[in-house]
Amino acid sequence: MGRIIKGLVWTGVWIVAVLCLVVTIVPRFLDSLYYQGVAGDHFDGARFFNPDGDDTSRPAGGRAHYLWQQVTGTDGRPDWPTQVPVTSAKPADLLPAATPPARDPRATPMRVTWVGHASVLVQAPGLNILTDPVWNDRAGPFGFGPKRVAQPGIALDKLPKIDLILISHNHYDHLDLSTLKRIWDRDRPAIVTSLGNDAILGGAGMAATALDWRQAERVGGATVHVVRNHHWSSRWFVDRNRALWSAFVVELPGGNLFFAGDTGMGDGAWVREAAALGPIRLALIPIGAFRFQPGQMTSGAHIGPVDALDVFQRLGASRGMAIHWGTFRLSYEGWATPPKLLTAAKRCAGQGDRRFGAVLIGRPVDIAPMTTPPPPAFDRDAILRCLDSGEGNALR
């Protein structure tokens, strides 16, 4: 009975929120065009699209049905913790600002701290990079949306000076204006994103460089490439795909950084495009929010652990860090299912190494110098059969 009452209360809250949204927000954004340009292979003149096919479809039953299940908890999902312990990194744990460059570029220091979800601090001498910074307690407008269960791995006021911010797309769990404004006011970092997102940032008083896929920008001693991935965008119900989504490759002296943003697998050709830009020292690859029905291993918009392992191998990356899990509850799988499933998939693939895996939020990790990994051997169907007959079958 208590669960039903709680569900009715939250339903009422959502109804009020939606009405406020309709009355105060939708009219302003009905005709919102974040970007205007010439139609091409992924833009029709008004909206962007995935050139390899749009399988990032809306949830079965429609958004209203999905939201109802989210609010009432009637989708049979496993329980999540309301709070998980996090030991936040302190300034002394981070790479010092005065770190001298290595004589051999291959030995250039790189220290990485997972802040949570898709927010990662990547540090190299003279360059602090932050990906999709979200410090908000909820991933959504007006204080609504999924609630954070893991506090940020670095307190916002303890961040070192940020030189470069990468923003992959405009979903609230990746583009948080309140967080960005605080960093902008303090540091005035360079912000690189994909087409249309600069209009959203500009409306909040922040300047950004917006690039199309396969375009690049020089920032300090690094070159930032905006590269294709497979996703979609929206901040309101009416602006779907008005702005572009992307991954990034950042050329750095000790080897490239790859940040996948949010992505499904699509045709997978986008992985080769990123790898063609040079050897990848570190790949930041999402492994969560992939399950919207029992047993699902991937969705159109999000790769799961099996496909994340495939992406890591296709990239030929020296090291990989699993992100986009365990912070905001966005889908069906259990809190710890993504890293457990990744470990099981690696075992099924005959990989006992730790080159690609999960790390603790708030624990800085020094990335070893580049190595040349062996050619990938990956049989997705065999791995899925192995998981289905073994420990993977028990993971919800």
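Residues numbered from 1 in each chain as written. Predicted model: local features only at pLDDT ≥ 70, side-chain atom pairs only at ≥ 80, totals over all residues. Heavy atoms only, no water.

Draft legend 1. View of the overall build of the protein chain. Scanning the protein chain for helices and strands turns up nine helices and 14 strands. Out of the 396 residues belonging to the protein chain, those deemed buried represent 53%. Partitioning the contacts of the protein chain with sequence separation of at least 6, the portion at a separation of at least 24 is 73%. A total of about 17,000 Å² of accessible surface is found on the protein chain, and carbon and sulfur atoms cover 57% of it. (Helix = DSSP H or I, 4+ residues; strand = E, 2+ residues; numbered from the N terminus. Buried < 20%, exposed > 50% of the residue type's maximum accessible area, 1.4 Å probe, protein only. Contact = heavy atoms within 4.5 Å. Areas by Shrake-Rupley, 256 points an atom, 1.4 Å probe, with all protein chains shown as cover.)

Draft legend 2. Just the nonpolar core, in detail. With 68 residues, the main nonpolar core has F258 and L315 as its most contacted residues. The contact partners of F258, leaving out residues within four places of it in the chain, are V227, A247, F248, V249, W270, A274, I280, L282, A283, L284 and L315. One finds L121, L159, L175 and L201 within the second-largest nonpolar core, a separate group that totals 24 residues. (Core = buried A, V, L, I, M, F, W, Y, C linked by side-chain atoms within 4.5 Å.)

Draft legend 3. Inspection of the sheet that holds strand 12 (residues 319-323) at higher detail. Pairing is mixed in the open sheet, where seven strands are placed in the order 7-8-9-10-11-12-13. Strands at the two margins of the open sheet, each flanked by one partner only, are strand 7 (215-219) and strand 13 (356-357). Looking at chain direction, strand 8 (residues 222-227) and strand 9 (residues 247-251) are connected through five bridges and run antiparallel. Looking at strand 9, one finds that T223 is bridged to E251. Strand contacts of helix 7 (residues 305-315): strand 10 (256-259), strand 11 (280-286), strand 12 and strand 13, with the helix running at about 160° to strand 11, the strand carrying the most contacts. (Pairing = 2+ DSSP bridges. Axes fitted to C-alpha atoms, helices over the stretch in contact; angles between N-to-C directions.)

Draft legend 4. Quick look at the environment of G316. Structurally, the position occupied by G316 is in the loop between helix 7 and strand 12. Overall, the relative accessible area of 32% leaves G316 in the partly exposed class. Between the C-alpha atoms of G316 and P279, which are 37 residues apart in sequence, the distance is 7.4 Å. For G316, the residues in contact, after removing those within four places along its chain, are I280 and P373.

Draft legend 5. Region of interest: the sheet that holds strand 4 (residues 164-167). The strand order 6-5-4-3-2-1-14 describes an open sheet built from seven strands, whose pairing is mixed. Since the sheet does not close on itself, it has two edges, and those belong to strand 6 (209-211) and strand 14 (365-366), each with one partner. Strand direction decides the pairing type here: strand 4 and strand 5 (residues 190-194), joined by four bridges, are parallel. From the neighbouring strand, I165 faces strand 5, where its bridge partner is I191.

Draft legend 6. Focus on the packing of aromatic side chains. If you walk through the whole model with that rule in mind, you get nine aromatic pairs. Ring geometry for F312 versus F356: centroids 5.0 Å apart, planes at 25°, classification stacked. With a gap of 44 residues between them, F312 in helix 7 and F356 in strand 13 connect regions that are remote in the sequence. Owing to a relative accessible area of 2%, F312 belongs among the buried residues under this scheme. Of note, R235 hangs over the ring of Y172, and the distance from its end group to the ring centre comes to 4.0 Å. Between R240 and the ring centre of W232, over which it is positioned, the NZ or CZ distance is 4.2 Å. (Phe/Tyr/Trp six-rings, centres within 6.5 Å; stacked < 30°, edge-to-face > 60°. Lys NZ or Arg CZ within 6 Å of the ring centre and 35° of its normal.)

Draft legend 7. Representation of the packing of helix 7 against helix 8 (residues 337-348). Remark: helix 7 packs on helix 8, axes separated minimally by 8 Å, with the N-to-C direction vectors making an angle of 60°. One finds that helix 7 runs oblique with respect to helix 8. Helix 7 and helix 8 meet at a crossing whose hand is right-handed. Packed against helix 7, whose contacting residues are P305, V306 and L309, the element helix 8 presents P338, L341, L342, A345 and K346 at the interface. (Parallel < 35°, antiparallel > 145°, perpendicular 65-115°, else oblique. Left-handed = near helix turned anticlockwise from the far one by under 90°.)

Draft legend 8. Spotlight on the confidence of the model for the protein chain. The predicted model of the protein chain has a mean per-residue pLDDT of 89, with 87% of residues at 70 or higher. Taken together, the stretch residues 21-31 has pLDDT below 50 and engages in 14 contacts with residues farther than four places along the chain or on a different chain. (pLDDT = per-residue confidence, 0-100.)

Draft legend 9. Representation of the pattern of salt bridges in the model. This structure, assessed with the given rule, holds 13 salt bridges. Salt-bridge contacts for D366 lead to R111; the nearest nitrogen and oxygen are separated by 2.7 Å. Here D366, found in strand 14, pairs with R111, found in strand 1 (residues 111-116); they are 255 residues apart in sequence, far enough to count as distant. Relative accessible area serves as the criterion here: at 18%, R111 is assigned to the buried category. (Salt bridge = Lys/Arg side-chain N within 4 Å of Asp/Glu carboxyl O.)

Draft legend 10. Up close: the environment of T131. Within the element layout of this structure, T131 appears in strand 3 (residues 127-131). By relative accessible area, which is 0% here, T131 ends up buried. Only 2.8 Å separates the side chain of T131 from the backbone oxygen of A118, close enough to count as a polar contact. Here V120 takes part through its backbone nitrogen, which lies 3.0 Å from a polar atom of the side chain of T131. (Polar contact = N/O pair within 3.5 Å; in protein donor to acceptor, adjacent residues only side chain to side chain.)

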